[in-house]
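Architecture at a glance
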Amino acid sequence: MMNLSALRILRRLFLAAIVLLVCQPAWAGRHVALVIGNSAYQNAPPLPNPVNDSAMIAATLRDAGFDVVDSRRDLAAVEMRRALRDFSDLARDADIAVIYYAGHGLEVDGNNYLIPVDARLERDADVYDEGVSLDRVLVAIDPAKQLRLVILDACRDNPFAKTMKHTMASRSIERGLAKVEPTSPNTLIAYSAKAGSTALDGSSGNSPFTVALSKHLTTPGLDVRRAFGFVRDDVLKSTGNRQEPFVYGSLGGEDVPLVPAPAKAAPAAPAPNSQSEARSDYELALQIGNKAALNAFLAQYPEGYYANLARIQLVKVEAEDARIAATERAQKAERERAHLAAESAPSEQQLKAAEANAKAAEQARIAAEKAKQVALDQAADAEKKRIAAENSPAPAGPSGHTAAANGNTPVSNTPASDAPAAPMAANPPVGEPPKRTDVATLTPGPSPQADIGKSVQIELRRVGCLNGPADGEWNNATQRSLTLFNRNAGTRLDVKAASLDTLDAIKSKEGRVCPLVCEHGFKASGGHCSKIVCAEGSFLNEDNECEKRRARSPTARRERDRERRDDSYEGAARERPMPEFRAPRSRAMNRGGGTGQIVCGSHGCQPVQRGCHIEYRTTAQGGPIEGGGGNVQICN
């Protein structure tokens, strides 16, 4: 591994390269700007902020050293076109030209128009005559040599939308401004809100977009694209992500600052001394950020101011290691407890031991997190005092940055009692805003919010409201579990995000809060679900209870089978009709003889002969008739 001396040499070479880059000539030349603010509209509601916004931008550009800043306000159509014509003459001799406009703007059929204060837009076609097209603005700025910049704080609601008549059904009028692609090279067009959306006026007398512009646009040496990136971040933050500025166009690979950084001569090499070397080696050890680097520094510098700082940083690193170890133990204990709870029939003593182990591990993790936070606070306070001590003798420059921000950090051996709000990064590149370094984040680690969320999930599992894993992700399942806790505990905790108040409220509950719900075939027992085992001769019914089976005798079964067969026979008989009886016809009848009647006896049936008839008698020829009586044939 590379030692601290070799790292110190590399660091000095890097700083020398930075100095060579800084001493190169920056963008220079003539800078001109036209600033217009239209507020007093005659045929539409007036706008309160554009005049204030234009005054702020004009003052910002003048303070930045622009050669010409032509500021106009409340311009009619003729005056607005004349101002653009005059500015075009100024841009011919300029390297950088800027046009800033605040007021109403419209998009009609994909083309953008700036609206003068005397515009009367009764029909959609009137915008061609009474508005000033964005193309006309680009023509006015086109003669500039190096950078052409148009800034439009005009993405407001259309005040003429309710009264404007549409002369053609196909002509579209959308909200905000339309997307534009500049055709000239080195041209940027910045909108206060991206195409198709509207911007906010703000409540402080200036729009959020203009406030951010005045803060970042004229930072010396800052590339204009990065400046608009900072503007975007500030506007999104101040508007709650409701407004997003956007920049159209492109530039080359070279940095293009709106205000060049002042050229500086290479600083004289300071005489080497032990204190400056200790500071350089301490900063290198701090960048590495592990125990080995800090111990190596303490081995080389066992005494002194920076040795004490290194020991504080070492405590911070050790606290982080202890927190990670405690977190792993808590996770392992929670997994063991969940595995034991999932078994079929764990003993009550085993469950209590597992829960106590998990609770002790979680308390150790929380204690480690608190110890880490204390160590972070101590390290951050020490780093603030160190940087304040090093930067306190540095005089402020013309742009408000101290000499420390430009790389000229004098050495001071006296710690300062007053520290800034956040430590400043040592030796930032010239021309960029000073960056602040959060010492607490030098050593990577889990997010504190994720740790809090995981602790809340573990507590929700303990009180029986969460069945899923405690992974720290605040998802829909966790929110539903916290909602269930609120319903059963009578609390009103915020379910959208985890907090320490939520964690304390759940920890205050000693036992189960949410009722245990088990699946069919399981029952709640000792805080977990155990399988229901029915005795021999019983079965588990639909009510999740054991029910005794009924005994069945063979005789009763045969009787039920017989009744079932009889019922089936009767049903079949009812469904099948009886056949119609037809008496057989005798040969005599077929031959046409006889009376057509038939008489039946023990010898069969025969037709009644001609001249005979049928009578019902109980006797025949002195003897009884079979069956007790019947029909007989009587012949005279």
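In this text, all values refer to a predicted model and were calculated from it rather than measured experimentally.

Definitions and cut-offs
- Residues numbered from 1 in each chain as written.
- Predicted model: local features only at pLDDT ≥ 70, side-chain atom pairs only at ≥ 80, totals over all residues.
- Heavy atoms only, no water.
- Core = buried A, V, L, I, M, F, W, Y, C linked by side-chain atoms within 4.5 Å.
- Buried < 20%, exposed > 50% of the residue type's maximum accessible area, 1.4 Å probe, protein only.
- Helix = DSSP H or I, 4+ residues; strand = E, 2+ residues; numbered from the N terminus.
- Contact = heavy atoms within 4.5 Å.
- Salt bridge = Lys/Arg side-chain N within 4 Å of Asp/Glu carboxyl O.
- Pairing = 2+ DSSP bridges.
- Axes fitted to C-alpha atoms, helices over the stretch in contact; angles between N-to-C directions.
- Disulfide = S-S within 2.5 Å.
- Phe/Tyr/Trp six-rings, centres within 6.5 Å; stacked < 30°, edge-to-face > 60°.

Attention shifts here to the nonpolar core. For soluble globular proteins, nonpolar side chains are generally found buried alongside one another. Ile115 and Tyr191 are the most contacted members of the largest nonpolar core, which totals 44 residues. Secondary structure elements with two or more residues in this core: strand 1 (31-37), helix 3 (77-91), strand 3 (96-102), strand 4 (105-108), strand 5 (111-114), helix 5 (134-141), strand 7 (147-153) and strand 9 (187-191). For isoleucine 115, the contacting residues outside a window of four places in its chain are Asn38, Tyr41, Tyr101, His104, Gly105, Leu106, Leu121, Val127 and Phe160. If you look at the next biggest cluster of nonpolar residues, it comprises 27 residues, including Ala58, Val69, Ala212 and Leu217.

The next thing to look at is the pattern of salt bridges. Throughout the structure, instances matching the rule amount to 13 salt bridges. Among the salt bridges present, the one from aspartate 126 reaches arginine 123, with a minimum N-O distance of 3.3 Å. With relative accessibility at 10%, the residue aspartate 126 sits in the buried group. Across the pair arginine 462 and glutamate 459 runs a salt bridge whose closest N-O atoms are separated by 2.7 Å. Taken together, the residues arginine 462 and glutamate 459, both in helix 12 (residues 448-462) and three residues apart, mark about one turn of the helix. According to the relative accessible area criterion, arginine 462 is partly exposed, its value standing at 27%. The network of salt bridges with shared partners includes Lys194, Arg232, Asp233 and Glu244.

What follows is about the sheet that holds strand 7. Strand order in the open sheet formed by six strands is 2-1-3-7-9-10, with mixed pairing between adjacent strands. The open sheet is flanked by strand 2 (68-73) and strand 10 (246-250), the only strands paired with a single partner. Here the average twist between neighbouring strands, direction ignored, is 10°.

Turning to the state of the cysteines, a few remarks are in order. Per the counting criterion, the structure on display carries four disulfides. Disulfide pairing is shown between cysteine 465 and cysteine 514; the S-S distance is 1.8 Å. As the torsion about the S-S bond is roughly 90°, the cysteine 465-cysteine 514 disulfide counts as right-handed. On the criterion of sequence distance, the pair formed by cysteine 465 in the loop between helix 12 and helix 13 (476-489) and cysteine 514 in the loop between helix 14 (500-507) and strand 11 (522-525) is long-range, its members being 49 residues apart. Exposure remark for cysteine 465: the relative accessible area of 5% places this residue in the buried category. Between the sulfur atoms of cysteine 534 and its disulfide mate cysteine 546 the distance is 2.1 Å. Measuring the twist about the S-S bond at about -85°, one finds the cysteine 534-cysteine 546 disulfide to be left-handed. Pair noted here: cysteine 534 is in the loop between strand 12 (528-531) and strand 13 (538-540) and cysteine 546 is in strand 14 (residues 546-548), with a separation of 12 residues, a long-range link.

This part covers the packing of aromatic side chains. Tallying each qualifying case throughout the model produces seven aromatic pairs. Seen from their ring centres, phenylalanine 246 and tyrosine 248 are 5.1 Å apart, and the 45° between their planes marks the pair as tilted. Residue class for phenylalanine 246 comes out partly exposed when judged on its relative accessible area of 30%. Accessibility expressed as a relative area gives 6% for tyrosine 248, which makes it buried. Three or more aromatic residues joined by ring pairs make a cluster, and in this case those are Tyr282, Phe297, Tyr301, Tyr305 and Tyr306.

The buried count for strand 7 comes to seven of seven residues, which makes it a mostly enclosed element. With burial as the criterion, each face of strand 7 is covered, one bearing Leu147, Leu149, Ile151 and Asp153 and the other bearing Arg148, Val150 and Leu152. The pairing of strand 3 with strand 7 spans seven bridges and is classified as parallel. Residue pairing for strand 7: alanine 97 is matched across the bridge by arginine 148. Of the pairings in the sheet, the one linking strand 7 to strand 9 comprises five bridges and is parallel in character. If you follow leucine 152 over to strand 9, its bridge partner there is tyrosine 191.

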